[in-house]
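Given next are the chains, with one letter for each unit.
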Amino acid sequence: MAGADQRGRNLAEEALWLARVLLQLMPGEAEVRGLLALMLHCEARRSARRGPDGRYIPLSEQDPKQWSLPLIEEAERHLGEAFTQGRSGRFQLEAAIQSVHADRARSGRTDWAAIVLFYEQLLRISPAFGTRAGYAAAVAEASGPEAGLAVLESIDPDAVSHYQPYWAVRAHLLQRLGKTREASESYDRAIGLAEDPTVREFLLRSAANSFRLS
């Protein structure tokens, strides 16, 4: 897994370099700055995504002290400049969501209501399955698992039959609601669709924990 992580780091560094080159070529394009800000926020958390034993650590459980403040500060500069141009787009909104998450390093809390608002704007531009799953998770944090599950249930399950994040979010929300059997079924779907072995192991642990609590 260490080798795979290094390959990912190299690809991320190359992608950031290309984004900075693109910004030099298109300095007045707000979405280019938004894209760079999004990439920087994601890269800032790289070292916190895996534990010492290689275990996957979801964003909600990451230690903000392990996040890269220089990368976060750079992301915030680009995002702020993008918003001043008054042309909000998909990448800027996705970066804004990551910016709210990043603020946990300063405040110690996550402003889920703000994240929900950014997702609602993003849905108007890009109602993709990933956006809708993320929105459901944010709504669940802001208003409870029932509200988040209602968002997921507005999606045709056949359309997301092979979309792993949908089933992972659904399993988590069903687990929170104490619906063990349904949660187990969704965990099975999510585990079967997980391509990253460390994510699969995380889901297996979550599913086992759901069973123990039942």
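Residues numbered from 1 in each chain as written. Predicted model: local features only at pLDDT ≥ 70, side-chain atom pairs only at ≥ 80, totals over all residues. Heavy atoms only, no water.

## Comments concerning helix α4 (residues 90-102)
Part 1 of the argument: Its 13 residues give α4 an end-to-end C-alpha distance of 18 Å, which sits within 8% of 18 Å, the value for a rise of 1.5 Å per residue.
Part 2 of the argument: Of all 13 residues that make up α4, eleven are buried, and the element is covered over most of its length.
Part 3 of the argument: Taken together, the buried positions of α4 are Q92, L93, E94, A95, A96, I97, Q98, S99, V100, H101 and A102.
Part 4 of the argument: Looking at the packing, one finds that the buried side of α4 touches α2 (30-44), α3 (69-84), α5 (104-107) and α6 (112-125). (Helix = DSSP H or I, 4+ residues; strand = E, 2+ residues; numbered from the N terminus. Expected span 1.5 Å × (residues − 1). Buried < 20%, exposed > 50% of the residue type's maximum accessible area, 1.4 Å probe, protein only. Contact = heavy atoms within 4.5 Å.)

## Side note on the packing of α4 against α6
Part 1 of the argument: Relative orientation of the contacting elements α4 and α6 amounts to 165°, with a least axis distance of 9 Å. The pairing of α4 with α6 is recorded here as roughly antiparallel in orientation. Crossing of α4 over α6 shows left-handed handedness. Contact residues: R90, L93, E94, A96, I97, V100 and H101 in α4; W112, A114, I115, F118, Y119, Q121, L122 and I125 in α6. (Axes fitted to C-alpha atoms, helices over the stretch in contact; angles between N-to-C directions. Parallel < 35°, antiparallel > 145°, perpendicular 65-115°, else oblique. Left-handed = near helix turned anticlockwise from the far one by under 90°.)

## Some remarks on the confidence of the model for the protein chain
Part 1 of the argument: Looking at the protein chain, pLDDT values average 92 and 94% of them are 70 or higher.
Part 2 of the argument: Mean pLDDT per element in the protein chain: helix α1 (residues 2-25) is the minimum at 78, and α4 is the maximum at 98. (pLDDT = per-residue confidence, 0-100.)

## Notes on the side chain of T131
Part 1 of the argument: Along the polypeptide, T131 turns up in helix α7 (residues 129-143).
Part 2 of the argument: What T131 contacts, discounting residues up to four positions off in sequence, is Y119, L122, L123 and S126.

## As for the environment of D53
Part 1 of the argument: With respect to the element layout, D53 can be found in the loop between α2 and α3.
Part 2 of the argument: There is a polar contact of 3.1 Å between the side chain of D53 and the backbone nitrogen of R55. (Polar contact = N/O pair within 3.5 Å; in protein donor to acceptor, adjacent residues only side chain to side chain.)

## Remarks on α2
Part 1 of the argument: Here α2 spans 21 Å end to end across 15 residues, near enough to the 21 Å set by a 1.5 Å rise per residue.
Part 2 of the argument: For α2, the buried fraction is high: twelve of the 15 residues fall into the buried class.

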